[in-house]
Amino acid sequence: MKRSGRALDRMSPRRQTSWDARAATNFICGGAGGGLLAATALASPLGVDLRSLIVLGLALVGLGLLAVWLEIGRPLRALNVYRNVATSWMTREALVATLLFAAGAAAVVLDQPAAIWLAGLSGIGLVYAQGRILRNQKGIPAWRHGLCAALVVATGVTEGAGLLVMAALIWPALTPFGVLLAVLAVARLVVWRRYRESLRGVGVPVGTLKAFDAIDVPFVWVGHAVPIGLGIAGALLGWPIAVALAGAAAVVAGAWFKFVLIGRAALTQGFALPQAPARGSGRPGVGARPGWSRAKAQ
Amino acid sequence: MTADEPVRRVPTFCYNCVSGPDFLTVKVENGIATEIEPNFAAETVHPGRGRPCVKAYGLVQKTYNPNRVRTPMKRTNPKKGRDEDPGFTPISWDEALDTIAERLKAVRTGGLIDQAGLPRLAASFGHGGTPANYMGTFPAFLAAWGPVDFSFGSGQGVKCTHSEHLYGEFWHRAFTVSADTPNTRYVIACGANVEVTGGPTAVIRHADARIRGYKRVQVEPSLTITAACSAEWVPIRPKTDPAFLFALINVLIHEHGLAALDQPFLRDRTASAYLVGPNGLYLRDRATGKPLVWDETRRAAVAFDTARAVPAVAGRFRVATAVTMDADRVRVNHAGVEGTTAFQALSDHIARYTPEWAAAICDVPAETIRRIAGEYLEAASIGATIDIDGHTMPLRPVAVTLGKSVNNGWGAYECCWARTVLAMLVGALENPGGILGTTVRLNRPHDNRHLSVKPGDDGFMVQHFNPTSRERWEATPTTRNLHRTLVPIVGRNGGWSQALGPTQLAWMFQEERPADWPMPEPTHPDVWFVYRSNPAISFWDTRRLAESIARFPFMVAFAYTVDETNYMADLLLPEATDLESTQLIRMGATKYMEHFWDCHGVVLRQQAVEPQGEARDFTWIATELARRTGLLSAYVEQLNRGVAGVAPLKGEGYDVRLDPAEVPEPERIWDAICRAATFTLSDGRDTHGLDWFRQHGFYKVPVSRRSWYLTPTLEEQGLRYELPYQERLMRIGRELRNRLHEQNMHWWDEQLAEYAALPDWHDVPGRWEQALIAAGARTEDFPFWLLTTKSMQYHSGGNASIALMDEVSENLRGHTGVIIHVDTATTLGIGDGDPVEVRSHIGATYGRAALVKGVRPDTLVIVGQFDHWATPYIKDIERASLNSIAPMTLALTDATGSGADIVRVAVRRMERPAA
Amino acid sequence: MSPRYVMVIDLRRCVGCQTCTAACKSANATPPGVQWRRVLDQESGEYPDVRRTFLPVSCMHCAEPPCAEVCPTTATQKREDGLVTIDYDVCIGCANCIMACPYDARTIQHEPRWAYGVPMAHELARADPGRLSVATKCTFCKERIDRAAITGQTPGVDPEVTPACVNSCISGAMLFGDINDPTSGVVKLLESARHFRVHEDLGTGPSIYYIWSET
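Residues numbered from 1 in each chain as written. Chains lettered and ligands numbered in written order. Predicted model: local features only at pLDDT ≥ 70, side-chain atom pairs only at ≥ 80, totals over all residues.

*Asks:* Let's hear about the sheet that holds strand β15 (residues 330-341) of chain B: which residues, and what values?
*Replies:* Residues and elements named next belong to chain B. With antiparallel pairing, 3 strands are arranged side by side in an open sheet as β11-β15-β14. Two strands in the sheet have a free side with no partner beyond their single neighbour: β11 (275-276) and β14 (316-326). By the bridge criterion, 2 bridges tie β11 to β15 in an arrangement that is antiparallel. Note on β15: the bridge partner recorded for L275 is T341. Sheet strands in contact with helix α10 (residues 342-350) are β11, β14 and β15, and its direction is about 70° off that of β15. (Pairing = 2+ DSSP bridges. Helix = DSSP H or I, 4+ residues; strand = E, 2+ residues; numbered from the N terminus. Contact = placed C-beta atoms within 7 Å. Axes fitted to C-alpha atoms, helices over the stretch in contact; angles between N-to-C directions.)

*Asks:* Go over helix α6 (residues 146-166) of chain A, please, and point to the residues and values.
*Replies:* Its 21 residues place the ends of α6(A) 31 Å apart at the C-alpha level, agreeing with the 30 Å of an ideal helix rising 1.5 Å per residue. Burial within α6(A) is extensive, with 19 of its 21 residues counted as buried. (Expected span 1.5 Å × (residues − 1). Buried ≥ 20, exposed ≤ 12 C-beta atoms within 10 Å, placed from the backbone.)

*Asks:* Could you give me a rundown of the interface of chain C and chain A, with the residues and numbers involved?
*Replies:* Across the boundary between the two partners, chain C contributes 44 residues, which contact 43 residues of chain A. Broken down by secondary-structure element, the contributors of at least two residues to the side of chain C that touches chain A are β2 (37-46), β3 (49-58), α2 (66-70), α3 (96-100) and β10 (208-214) of chain C. The element contributing the most residues to the side of chain C that touches chain A is β2(C), with 5 residues. Its residues assigned to classes, the side of chain C that touches chain A comprises 24 nonpolar, 13 polar and 7 charged. (Nonpolar A, V, L, I, M, F, W, Y, C, P; charged D, E, K, R; others polar.)

*Asks:* Got a sec to walk through the nonpolar core? Specific residues and values, please.
*Replies:* By size, the foremost hydrophobic cluster in this structure holds 479 residues, and its most contacted members are L164(A), V165(A), L181(A), F244(B), L248(B) and L786(B). If you count residues domain by domain, this core takes at least three from each of domain 1 (73-156 + 461-573) and domain 2 (764-909) of chain B. When near neighbours in sequence (up to four residues on either side) are disregarded, F244(B) contacts V219(B), I236(B), A358(B), C362(B), V364(B) and I369(B). (Core = buried A, V, L, I, M, F, W, Y, C linked by C-beta atoms within 7 Å. Domains from an automatic or database assignment.)

*Asks:* Run through the interface of chain B and chain A, naming residues and quoting values.
*Replies:* Between chain B and chain A, the contact holds 22 residues from the first and 13 residues from the second. Those elements that place two or more of their residues in the side of chain B that touches chain A are α6 (199-212), β9 (215-219) and β31 (843-852) of chain B.

Put into structure tokens, the structure is as follows:
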């Protein structure tokens, strides 16, 4: 059996291959877990004992971190991750996660509002750090775009709210939070739309646009229309089942989006040639930026 | 520096292609070769600045490749064929060498020539003589042996720049023709791919020229690397280059006129003024037989060498008395005959080949052709001079260079002629800035082409054609490629003449012969040596060729790995490879390609590391073969004559001869060769042995740049270039026709048409279409041209099994695939990277589509020569090859015995079918 | 002023031969498939006015290296002399830097890899387990540059202290040197020709300059 050569084109953006489902799991679970902690803090004044949701939030964050620990090349040196707080959002994510676990543990053990609010804030912090991790990856145009971080935060808190309202099946008092979910879903939809428009405007690898185009319709309908409709309807009508479905749709759609964001849509920068050189007495030629939706001038 | 040091840097060279030697050092750590680096000590000696090209960096992998043949092996399966596992089994060197010696002794007993008059020993070596730089003293063994048949080519003739070799050497002692790149300003390159094949020397010289602002116009169907590095790319229709070049001549002569050309050069250094009679033959002086010219001072026809004559370059003149000399010395007396100067004949002949005419054939706009001709003429700066080492010489910085498939196969004679005429018209032939010959192989001595220049007939250089006279023509071939019988111009100067015969005829006629074949049927050689040569991949119709190879009775292959040719071998012998063995070779002065240096000398390839397994130094193998075959003293005598390289071992003032009665150790042999070389190079000032070379790597003495140019040598001897009119070739062609017809042979008639005094355009690409029809196929079923081109990573390296080359070559666009124009591919529904089948009327080859814009929409290109099925590593990689589907036919063989890499094909999206 | 090393690559000279690619692999013993530098081959224009450019790329040793910014371990550092380095003993192989680099310059190899599946003598002799599962990339041949301080030689002038790719280049396309030294070859060439840097708009300040035309 003959094997054929590797890809013929070396200039165009290609899908990143260094982060696989394990890294995606961190963004999916970490975002949802962090969002859940924040949403739980918001719901804590209801007087319902939501510590099990805090445990769930911590477990999700922990699962995400475990997944990424399994991905890194040198897991035994994992503590080196704390060495660059000055500039690295990955270090900051690790610090926030440490704080999050401390606060979360305290909240579970002590059931103190301060600890719950601190855990919730840490959850937001974690989601924000994850957004900034992507924002600083200059090698992936889909990530380095400013609205990508906003979208990661928006989807994290939306998923958190989604998980919270799913708990309305157990604690019907949470049903009104369907409105919160709907508001967050609207926000996420706005950011998603603006993000994609903006990507088209500034130019982005064609593969990135294709990947997003492919999920747009289900993402908008399942991830937004359903949560908004069912969330508001469920909250107004007091139907826990409706808001739980709304929450599930928001969570699943958010997870699917992040899986695509980290995987299929994560095309590298590729190379651009601003000018073709002059050869001898010949004139210089035009350049090229293969694989991009728009050849942005350098 | 000693062998015990933990880290050593060992100077040596790479000669994996004809553009060597390139200098390098091997870093050896604790006895293991780890890195290849340039040899910076050679930075000012080697025109490539002491740097080897990418291929050399594969030599470490080559050394330790686990797929190497590490012990002698014998075949255990008597059946041979692609589907027969040879069952190679390790044996000892003693058994291997004794087996060969027994065979060879039996051959000697029965006579060196067989019943068909052919040598019973044959040998095939790979690309362009490069194996000679790795085979140690094996040439001395072959010389001691006697007649050897080198007919079975592995690509020479069809894969080399064949017509350029033959006609180049005929016209200006130019086995290879190069631009004088360090001085040139304008180059028209018809397919010459020097950035790939010219080695570091060509690469740096052309890069320097680009910065200097020279202009190179690349005329080629695809945007090759050299085209990419040119100022302008002209995507010409394949195989129509003669029309393009004819039109350039037309513009120079008919639009710019004689007054704009280099008239002194035409008058004094060429045969432009020779008078041609109405029968197309030179008008000659009746008494002396010398060609006549029209002396403008005497206003009369006089012999060309008449003192103080001022010959007219153009015009027609009434000549009172003359004689013409036709084939077979048929003399015809003439009186009151009109004589036309050769230049005038050229002018008349070329008048019909206008740019407008050529545009329709070449698919190049007439205005482009006209502009290029004008730029060429302007850049020629006729009248300008340059100081070369204290001598004022003409500066004519323009060149036309030709690449493979342009300068071989049908149409190549026309191209070579037109290119040389273009140089002639502006005085750029063998003058600074113009075109140069860079070595001789069909003339001697090989290391100094100037010494081959001696007065011959009609005021031209002496030539050593194979005789075509009734008395001396070789009616019974003495080689299987019939080079002496069929190709007068290839000459009879030993192995090179033979190896440049029509090698595909040797393969074809083993299988079948024309009906009118009165000669003895060619036989298989009793013993066949093969080294660094894989014709089952590198020739054409390779599947059938492999079957042909399987019918050879006894093949001994010096084998690096098992490959598609030695799969049929009876014995495999592992020779110590590049970094494991020792050899001293010549460097510098002028060599192939762009190698004209400021010095000449010798360079050592030395053993940097211990050979792997049981691999042995080739010199040891050659010596043992000689000893066991009973040829030891003859072998040593050949060594003493200097056959293994550089200089005789005895000369005036030195004597380092070896004792013919003793078995010399390789070290002793090379030590003597080192000493003889340095003594002769230095005129006795220096004598350095092997140890000195191991440390210093090379030895050089300066040469004058004036030696780059042949014209001063012709001037000194009062000789002329045999241009533009080819009266001699025409006569020889007629004689050859007479001889063949006397034997009732007509199968070479088509080829005889090439012997024209002034070549005409004929439908060159149409020959391939006609061949298709003759094979029973329809031209519309094969609508594309398939071409091939070389890559520096693989060219002539015999390195298809080197993983590093595979890895780095993948960075090049289209290297691993089938190059197709993006619009063509879109029409056919083929996407980038899609599996495709490229099919000719004899078979199919498979690869991945590489979509580009830089190729003509009617042309496909496959880089390199692949489609391996036995060579480890590369056999597992899908790479298409033109060779698998290019037919081998007489109809596509030109008069020199050459063909070209071009096939009519169809292409479609398709996976390779399961075997 | 302390030196800051840059590379200047003259695209008018480069022929895409991959000699530097192979020389780098030879000098740095990178495993199969890992190319710390390579020469890209790009077409531009429309038939028949098509151009083909050979673009050697590697770590650009950026003035503002995004890889160093995102590295959570400080394994990636920017040195005073311009070199961007990786401490293999500190790196955790998180691949953050790979995503941050817009030049596709970094690789992580998790398993030893051999050209022919089984290790050859020279591969074994130079195999470095410390380079497994951590990020690797072009170092500008750091060890050679560092040796210059000991030997007093000049990087870019003396081959012993010059990157292997620059040494190997057969077209003379590559120069290496100190951009802070007005007498250096790199400064002179940059002054005499028009040049660009790749993805300059990303604000990375790459240290590899590409010459494309005379001024």
